[in-house]
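So you can see what is in the structure, the chains are spelled out below.
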Amino acid sequence: MQVWKFGGTSVGKPERMHSIRTLITADSGRKIVVLSALSGTTNALISMGESAKANNDAEVQEKIDALKAHYDAFIKELYSTEESLKKGQTIVDNEFNFIRSVLKSRPFTLKQDKELVAQGEIMSTQLFQGYLEEQSESSVLLPALDFMRIDTDGEPELETIEALLGDMLDHQTDKQLIITQGFICRNPRGEVDNLKRGGSDYTASLIGGAIRAEEIQIWTDIDGMHNNDPRIVKRTFPIRELTFEEAAELAYFGAKILHPSTITPAKMRGVPVRLKNTMEPQAFGTLIATTTTDREIKAIAAKDGLTAIYIHSTRMLNAYGFLRRVFEIFEKYKTPVDMITTSEVSVSVTIDNDTNLAEITAELSEIADLEEHDRDLSIICIVGDFKADKEGIALKVFEAMKHIPIRMISYGASEHNLSILVWSKDKAEALNVLNERLFYYEDAMKNIFTAQ
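Parameters and conventions
- Residues numbered from 1 in each chain as written.
- Predicted model: local features only at pLDDT ≥ 70, side-chain atom pairs only at ≥ 80, totals over all residues.
- Heavy atoms only, no water.
- Helix = DSSP H or I, 4+ residues; strand = E, 2+ residues; numbered from the N terminus.
- Rg over C-alpha atoms; globule rule 2.2 N^0.38 Å.
- Contact = heavy atoms within 4.5 Å.
- Lys, Arg positive; Asp, Glu negative; His and termini not counted.
- Charge placed at Lys NZ, Arg CZ, Asp CG, Glu CD.
- Axes fitted to C-alpha atoms, helices over the stretch in contact; angles between N-to-C directions.
- Parallel < 35°, antiparallel > 145°, perpendicular 65-115°, else oblique.
- Left-handed = near helix turned anticlockwise from the far one by under 90°.
- pLDDT = per-residue confidence, 0-100.
- Core = buried A, V, L, I, M, F, W, Y, C linked by side-chain atoms within 4.5 Å.
- Buried < 20%, exposed > 50% of the residue type's maximum accessible area, 1.4 Å probe, protein only.
- Domains from an automatic or database assignment.
- Expected span 1.5 Å × (residues − 1).

A. Looking closely at the overall build of the protein. The secondary structure content of the protein amounts to 14 helices and 17 strands. In terms of overall size, the protein behaves like a compact globule, its C-alpha atoms giving a radius of gyration of 25 Å where 452 residues would be expected to give roughly 22 Å. Expressed along its principal axes, the backbone C-alpha trace of the protein runs to roughly 75 × 65 × 40 Å. Look at the contacts in the protein between residues 6 or more apart in sequence, and 75% of them connect residues 24 or more apart. For the protein, the centre of its 51 positive side-chain charges and the centre of its 69 negative side-chain charges are spaced 2 Å apart.

Below, the structure is given as structure tokens:
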């Protein structure tokens, strides 16, 4: 069995749902199909909740009417028979009646907010399942709220998910297509909750890991993960293969196609993840697995909004426990560190959340001397297979970056990551020169020597 996930843009129009049906029925294999809410729905529901919190009933009603009009028009194009259209209208009417009831709650709390936002996935899956029934496909809808669980820390309980979902699947052995929702779950109190934004990818990975799927496919509207940011860089191409570790680095450092948490359950259970394009389904996409046979340097990603803090401690020269005291301060304020470099008496770190920067620097000042921190920085992350016996990788990077000021360098902590901190104003130039040097220069040189 495989797990296929389709995002909001993939189900955002009736013709897209028609295309998904064609994709998932093109072969006879059993599949669990995970759907997001229709594009724009989650944001619309969040906006309704904000109006409800402000007690702006007129604005709430206006937003409800606008979204319902969209769904009323959507189902008229989705279904081709009067009977199916009637069923679809019943689904829409019932869900919007529930949405209205939730929005009337006062006070409008986080509990109601999460119940409200979940309706996007609940509606999209019901409507799609109704369409499959109209087309006489062998399918069933299994609500994610019946098996997807998180603990008190908001982390998925994979073993519980495995047990609950396994029991449900045992009763659906005659169905080829299992439809369920991404994003939504229940917390330990039994309340509707969610896996945060990007959680539909996470749902697919959790399900794939739980059932030991043959493969997890994440379908979007682009052709896999690219070797660089196509919005900034002139020449990019889709990466054919990545290891789990390489994909995790790219996702964390800014590759938007993949949620950073997505691949963890798949990696734990050794389930390959493939990124596919709904617009070009025949394209290979990007395969994420335990090992790869692809090129040494795989991709470049960038993360913006960094602040650098420079910590000096001549008073504690060679003193053990100094680093522990430094990071206890960051832990106290729940502020993760992205990048760290050290010397004998200095530590430099970057953070992407400066909410508690004043408090952090005040406490650090009690144990060390601080330079003025820098803002508007970006981390550029070069990802690939950088095992200790590999030669010349750093040289290639620094040769490309010779005209660009570098604030920090991190290399050696991971076999898959070389990170460079630059001013954000230099990011675009850095990404482009690295792209040309790391991915096109050697090919060009080979062509020159071949021609000679």
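On we go.
B. The packing of helix 1 (residues 14-24) against helix 3 (residues 57-78), seen in detail. It is the contact of helix 1 with helix 3, at a shortest axis distance of 8 Å, that shows an interaxial angle of 45°. Looking at the two axes, helix 1 sits oblique to helix 3. Considering the relative orientation of helix 1 and helix 3, their crossing is right-handed. Across the interface between the two elements, P14, E15, M17 and H18 of helix 1 pack against F74, E77 and L78 of helix 3.

C. Structural context of the confidence of the model for the protein. In this model, the protein carries an average pLDDT of 91, and 94% of its residues clear a pLDDT of 70 or more. The low-confidence segment residues 448-452, where pLDDT is below 50, has zero contacts with residues more than four positions distant or belonging to other chains.

D. Local environment of the nonpolar core. Ranked by size, the top nonpolar core spans 60 residues in total, and within it L258 and I288 carry the most contacts. Inspection of this core shows a minimum of three residues originating in each of domain 1 (2-220) and domain 2 (298-441). Other than its neighbours up to four places away in sequence, L258 contacts D201, M225, A247, A251, I263, L275 and I288. Residues M17, L35, Y79 and Y131 belong to the second largest nonpolar core, which totals 37 residues.

E. Examining the environment of E214 more closely. Locating E214 in the fold gives a position in the loop between helix 8 (199-210) and strand 7 (216-220). Here E214 falls in the exposed class, since its relative accessible area comes to 54%. Once the C-alpha coordinates of E214 and I178 are considered, the two residues, 36 residues apart in sequence, prove to be 15 Å apart. With sequence-adjacent residues up to four places away left out, E214 is seen in contact with M1, Q2, V271 and P272.

F. Layout of the domain arrangement of the protein. The assigned domain composition of the protein is domain 1 (2-220) and domain 2 (298-441). A C-alpha centroid distance of 39 Å is found between domain 1 and domain 2.

G. Up close: helix 6 (residues 119-134). Relative to the 22 Å expected for 16 residues at 1.5 Å per residue, helix 6 spans 22 Å between its end C-alpha atoms, a close match to the ideal helical length. With 14 of its 16 residues buried, helix 6 lies for the most part within the structure. Positive backbone phi, approximately 60°, marks S136, located one or two places after helix 6.

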